[in-house]
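# Working through the structure, step by step
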Amino acid sequence: MTTTPAAPLPLPLLVLGRGRDLHSERGVECPGDLPAPSDPGLVERARAAKAALGDKVFVLGHHYQRDEVIEFADVTGDSFKLAKEAAARPDAPWIVFCGVHFMAESADILTSNEQTVILPDLAAGCSMADMAAIAQVEDCWDELVEAGVADAVVPVTYMNSSAAIKAFTGRHGGTVCTSSNARTALTWALSERGGLEGDGKVLFLPDQHLGRNTWARDLGGSLDDCVVWDPHRRMGGLTVEQLRDARMILWRGHCSVHGRFTTEAVDAARATIPGVRVIVHPECRHEVVELADEVGSTEKIIQTIAAAPDGTAWAVGTELNLVQRLGQMFPAQRVTFLEKNVCYCSTMNRIDLPHLVWALESLVDGRVVNPVRVDEQVAADARVALDQMLALPGETSKD
């Protein structure tokens, strides 16, 4: 029996750059307009350049990339999966990473010295990663020492952080985590200081929401055990007593895309889409996560929708490029974007077809543009934290 795919049920949308929502976490307009579709001629140039390079080039495409870029990716996925895929291709001297800067850094750390990681646009950064500068984190640690609590603290940094922050974490006996294995990473970190029922603490960088959600939702901890460290204030804006009482010291950082999703959007989806199931990323705010039916990493969101019965209605709280692609991948599902305010990841969208073509054609001409190279000592320290993550128990440590 053939099932006719249900039409998507979009919520009212504010197109990027055409309006603002002052109730969002950042309270700012989405920066700029979505670029116009690329010149169709670029598609043929990309195909020709990639064919000319053959196995010498390996193109990675993050899930949040636009379709015109994903078309030329040899593999798609989340940031750490892509970095591992690059390391598994030692015969490819050039790795073109269609993602953002911290992802290219991780790929450079994990690949061999004979490989070069290329970021088509070096301006493709990450606002969350940029919210934790290494000088700020070093100052934070010095103040934790001053407060007399540093010996009880294990740092855990999210993959969405700079190589310098990963290196800091490695030097201080901590680990990296992904959105898939944050629970495992926090459990390990606390076990290093007496376990879940002890007095040990985690300094969680740089996304406060993933840290809070993992502690409260996955580990059953109290929100009262969480404090937020403001890097722009002395002692993070906290008292010594607050630091001594806290179990989770959350860096004041967030994802400017996932931070936009609201409880009002969840309520609107339930009111307008019969039988809808809400699925969100754990970078969303705690009150949004609490209202969702499902919470998970980008990979889990894809897997969950793929496994659902035909006709299931989904309101998805993650980056819009992926949500639109999910609707195309699973036409028998009813996939819609959770928010009325559309904001693509503006930095991820800097990687477009013109930049990709430029990077590929430059390689054909014998020129390497925009190489991403991490300092050797920074890479060595960061690798300590990454290796600790890979040593964590459970399959999710490999996600």
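An account of the accompanying structure is given in this report. Note that the coordinates shown come from a computational prediction; the quantities given were computed from them, not determined experimentally.

A separate point is the overall build of the protein chain. Of regular secondary structure, the protein chain possesses 16 helices and 14 strands. Taking all 399 residues of the protein chain together, the buried fraction comes to 57%. Restricting to contacts in the protein chain with at least 6 residues of sequence separation, those with at least 24 account for 68%. Accessible surface for the protein chain amounts to roughly 16700 Å². Of this, 50% is attributable to carbon and sulfur atoms.

Counting 109 residues, the largest nonpolar core has Val96, Phe204, Val280, Val316, Leu326 and Leu338 as its most contacted members. When near neighbours in sequence (up to four residues on either side) are disregarded, Val280 contacts Val288, Val289, Ala292, Glu294, Val295, Gly296, Ile301, Gly317 and Leu338. Of all hydrophobic cores here, the second largest spans 21 residues; its members include Cys140, Val149, Leu205 and Trp229.

On to the packing of aromatic side chains, then. Across all of its chains, the model carries two aromatic pairs by this definition. With centroids separated by 5.8 Å and ring planes inclined at 75 degrees, the aromatic side chains of Trp141 and Phe168 adopt a geometry described as edge-to-face. Of this pair, Trp141 sits in helix H6 (residues 134–146) while Phe168 sits in helix H7 (residues 163–171), placing them 27 residues apart in sequence. For the pair Trp141 and Phe168, one class covers both residues: buried. Judged by centre distance (5.5 Å) and plane angle (65 degrees), the rings of Phe261 and Phe337 are edge-to-face. Taken together, the positions of Phe261 in the loop between strand S9 (248–251) and helix H11 (263–272) and Phe337 in strand S13 (residues 334–337) put the pair 76 residues apart, joining distant regions of the chain.

A side chain of one charge can pair with a side chain of the opposite charge if their charged atoms are brought near each other. Considering all chains together, one arrives at 17 salt bridges under this definition. Across the pair Asp74 and Lys50 runs a salt bridge whose closest N-O atoms are separated by 2.8 Å. Here Asp74, found in the loop between helix H2 (67–70) and strand S2 (75–77), pairs with Lys50, found in helix H1 (residues 40–53); they are 24 residues apart in sequence, far enough to count as distant. Arg171 is the partner of Glu138 in a salt bridge, and the nearest nitrogen-oxygen pair spans 2.8 Å. With Glu138 in helix H6 and Arg171 in helix H7, the pair connects residues that are 33 residues apart, well separated along the chain. In this structure Arg171 comes out as partly exposed when scored by relative accessible area, which is 42%.

The next point concerns helix H15 (residues 353–364). Taking 1.5 Å of rise per residue, 12 residues should cover 16 Å, and H15 covers 16 Å from first to last C-alpha, within 8% of that figure. The complete set of buried residues in H15 reads Leu353, Leu356, Val357, Ala359, Leu360, Ser362 and Leu363. Against the buried residues of H15 lie H1, strand S1 (57–62), H2, strand S3 (94–98) and strand S4 (116–118). Following H15 by one or two positions, Gly366 adopts a phi angle in the positive range, close to 90 degrees.

Thresholds applied
Residues numbered from 1 in each chain as written. Predicted model: local features only at pLDDT ≥ 70, side-chain atom pairs only at ≥ 80, totals over all residues. Heavy atoms only, no water. Helix = DSSP H or I, 4+ residues; strand = E, 2+ residues; numbered from the N terminus. Buried < 20%, exposed > 50% of the residue type's maximum accessible area, 1.4 Å probe, protein only. Contact = heavy atoms within 4.5 Å. Areas by Shrake-Rupley, 256 points an atom, 1.4 Å probe, with all protein chains shown as cover. Core = buried A, V, L, I, M, F, W, Y, C linked by side-chain atoms within 4.5 Å. Phe/Tyr/Trp six-rings, centres within 6.5 Å; stacked < 30°, edge-to-face > 60°. Salt bridge = Lys/Arg side-chain N within 4 Å of Asp/Glu carboxyl O. Expected span 1.5 Å × (residues − 1).

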